[in-house]
Amino acid sequence: MFRNYLFLLIIFSLSDTVAAATPTRRAAPAPATQPAPAGDAAGNDMYAWCNAVTLAIPQIKLKPCMTADLKPVAVKSVRGRHIMLREFKPAQPPAARVLVIGGIHGDELTSASIVFRWLEILQQPDNAASVYHWRVIPVMNPDGLLARPPTRVNARGVDLNRNFPTYNWLKEAPRYWETKTRRDPRRYPGRSPASEPESRWLHDEIVRFRPDVIVSIHAPYGVLDFDGPPTGVEAPLRFGRLHLNRVGVYPGSLGNFGGLKEGIPVVTLELPHALKMPTEAELTHVWNDMQRWLRVNLIERRMAQPAAPAVPAAPVDTAALPEDAVSAP
Ligand SMILES: [Zn+2]
């Protein structure tokens, strides 16, 4: 009898140990089936999003994702997933604006991981980067990232980085896809420019935010690329081991749209691996080089430029403007 009791006691204490050792993120009930406490819908959503993303990307832990203070943007992905954004307002406005985009290709996991690392740095008090106004999107293509296996394209099979409304898109993007890529399904540009909710929202966000620089992250070519207007911001020569190597301009790409059509410099980091993160030392090197480049181009070179002479505003002849222009805010 005593031996039976002892046996049961051991089993119970063992099961307690196993339960305690099980990571809470796996033991926790799925948010979708658990009624959310009143007023906690956003927190529940956040948990579901971070849980899914951090299970897909082993380099990111749940807690840093949950504490990154990400907010869903107004538009969801094709499959109804949130696109999350973190905004860092500058310590002293007005300030130069920087838009960071990770994970636009869902199978380039490191391109999202590195953005989560940058989010941790940006949250540190008194970090040198707080002189800029940041908007940071770690996972631009959640459906691609969370597909099994992850896919470059979105849930409708569109390469979001070929879907931006660049010049002559209707003529060039389908032709490029058919002749140059030989109808590669990984590079399908879509049926029309900005046809996808993800790329349409990003296009609108670029127009709204008017960043001074766009930083877009990809993998695995191990280079630095730059698209931009001929004056203003100079191309960076290197961030860490990534050296400038202009890989060309593609119809519908973000670099083509931002750099050439909108006149916004776009720096593209092509990390060397899609699955394996750079070392800590290399990550630090990349971040420091990027900060130096931002400081030189967005602060020092601008301060060195002579201020434009103040010109009194000429009265607007409203009769000469179309009706829309007069009534627009
Ligand atoms: Zn890519």
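Residues numbered from 1 in each chain as written. Predicted model: local features only at pLDDT ≥ 70, side-chain atom pairs only at ≥ 80, totals over all residues.

Novice: Please clarify how the overall build of the protein should be interpreted in this entry.
Specialist: Counting secondary structure elements, the protein contains eleven helices and nine strands. Sequence separation of 24 or more characterises 72% of the internal contacts of the protein that already satisfy a separation of 6 or more. (Helix = DSSP H or I, 4+ residues; strand = E, 2+ residues; numbered from the N terminus. Contact = placed C-beta atoms within 7 Å.)

Novice: I'm lost on the pairing of strand β2 (residues 82–88) in this one. Help?
Specialist: Consecutive side chains along a regular strand alternate between the two faces of the sheet. Of the strand pairs in this sheet, strand β1 (residues 71–76) and β2 are connected by three bridges, and their pairing is antiparallel. Within β2, the residue paired with Pro 72 across the bridge is Met 84. Hairpin connection, β1 to β2: the antiparallel pair is bridged by five residues, and Gly 80 has positive phi, about 80°. Across three bridges, the pairing between β2 and strand β4 (residues 133–137) is antiparallel. From the neighbouring strand, Arg 86 faces β4, where its bridge partner is Val 136. (Pairing = 2+ DSSP bridges.)

Novice: Which parts of the structure should I look at to understand the pairing of strand β6 (residues 223–227)?
Specialist: In terms of strand pairing, β6 meets strand β8 (residues 242–244) through two bridges, oriented parallel. Counterpart to Val 223 in the pairing with β8 is His 243.

Novice: Explain unusual backbone geometry here, please?
Specialist: Most of the time, phi is negative for any residue but glycine, and the peptide bond is trans. Cis geometry is adopted by the peptide bond preceding Pro 94, which originates at Pro 93 and carries an omega value of 0°. The backbone of Arg 183 shows a phi angle near 55°, a positive value even though the residue is not glycine. With 10 C-beta atoms counted inside 10 Å, the residue Arg 183 sits in the exposed group. Backbone geometry at Ala 194 places phi at a positive 55°, although glycine is not the residue there. Within the secondary structure layout, Ala 194 lies in the loop between α7 (169–180) and α8 (197–209). (Buried ≥ 20, exposed ≤ 12 C-beta atoms within 10 Å, placed from the backbone.)

Novice: Can you walk me through the environment of Ala 68 in this structure?
Specialist: Looking at where Ala 68 falls in the secondary structure, it is placed in the loop between α4 (62–66) and β1. What makes Ala 68 buried here is the crowd of 21 C-beta atoms within 10 Å. Separated by 17 residues in the primary sequence, Ala 68 and Leu 85 place their C-alpha atoms 9.6 Å from one another. Residues in contact with Ala 68, not counting those within four places in the same chain, are Arg 86 and Leu 119.

Novice: Help me understand the nonpolar core in this model?
Specialist: For soluble globular proteins, nonpolar side chains are generally found buried alongside one another. Of all hydrophobic cores here, the largest spans 66 residues; its most connected members are Val 53, Val 98, Val 100, Val 115, Val 136, Met 140 and Val 213. No other element matches the seven residues that helix α5 (residues 109–123) contributes to this core. When residues no more than four places from it in sequence are discounted, the contact partners of Val 213 are Val 98, Val 233, Pro 265, Val 267, Leu 294 and Leu 298. (Core = buried A, V, L, I, M, F, W, Y, C linked by C-beta atoms within 7 Å.)

Novice: Where do I start with the sheet that holds strand β9 (residues 266–270) in this structure?
Specialist: Hydrogen bonding along the main chain pairs the strands of a sheet, whether they run parallel or antiparallel. Spatially, β1-β2-β4-β3-β5-β9-β6-β8-β7 is the arrangement adopted by the nine strands of the open sheet, whose pairing is mixed. Of all strands in the sheet, those with a lone pairing partner are β1 and β7 (238–239), marking the two edges.

Novice: Teacher, can you tell me more about the confidence of the model for the protein here?
Specialist: Reading fine detail from the predicted coordinates is not recommended where pLDDT is low. Of all residues in the protein, 80% have pLDDT values of 70 or greater, and the mean over the chain is 84. For residues 1–39, every residue scores under 50 in pLDDT, and the model assigns this stretch ten contacts once sequence neighbours within four places are set aside. Considering only residues more than four positions removed or in separate chains, one finds that residues 310–329, a stretch of pLDDT under 50, has two contacts. (pLDDT = per-residue confidence, 0-100.)

Novice: Please clarify how helix α10 (residues 280–304) should be interpreted in this entry.
Specialist: Given 3.6 residues to a turn, an α-helix orients residues that are three or four positions apart in the same direction. End to end, α10 covers 34 Å across 25 residues, agreeing with the expected 36 Å (1.5 Å per residue, within 8%). Bending of α10 peaks at approximately 35° at the position of Val 296. In this fold, the buried residues of α10 make contact with β3 (97–101), β5 (213–218), β7 and β8. (Expected span 1.5 Å × (residues − 1). Bend = angle between axes of the 7 residues up to and from the residue.)

Novice: Sorry, what's going on with α8 here?
Specialist: When the terminal C-alpha atoms of α8 are compared, their 18 Å separation across 13 residues agrees well with the 18 Å that a helix rising 1.5 Å per residue should span. Within the span of α8, buried status applies to Glu 198, Ser 199, Trp 201, Leu 202, His 203, Glu 205 and Ile 206. Contacts made by the buried residues of α8 are with β1, β2, β3 and α9 (254–261). Of the residues trailing α8, Arg 210 is marked for its positive phi of about 45°.

Novice: Whenever I open this one, the environment of Val 73 confuses me. Can you help?
Specialist: Relative to the assigned elements, Val 73 resides in strand β1. Residue Val 73 is classed as partly exposed on the basis of its 17 C-beta neighbours within 10 Å. The residues contacting Val 73, other than those within four sequence positions of it, are Ile 83, Leu 85 and Trp 201.

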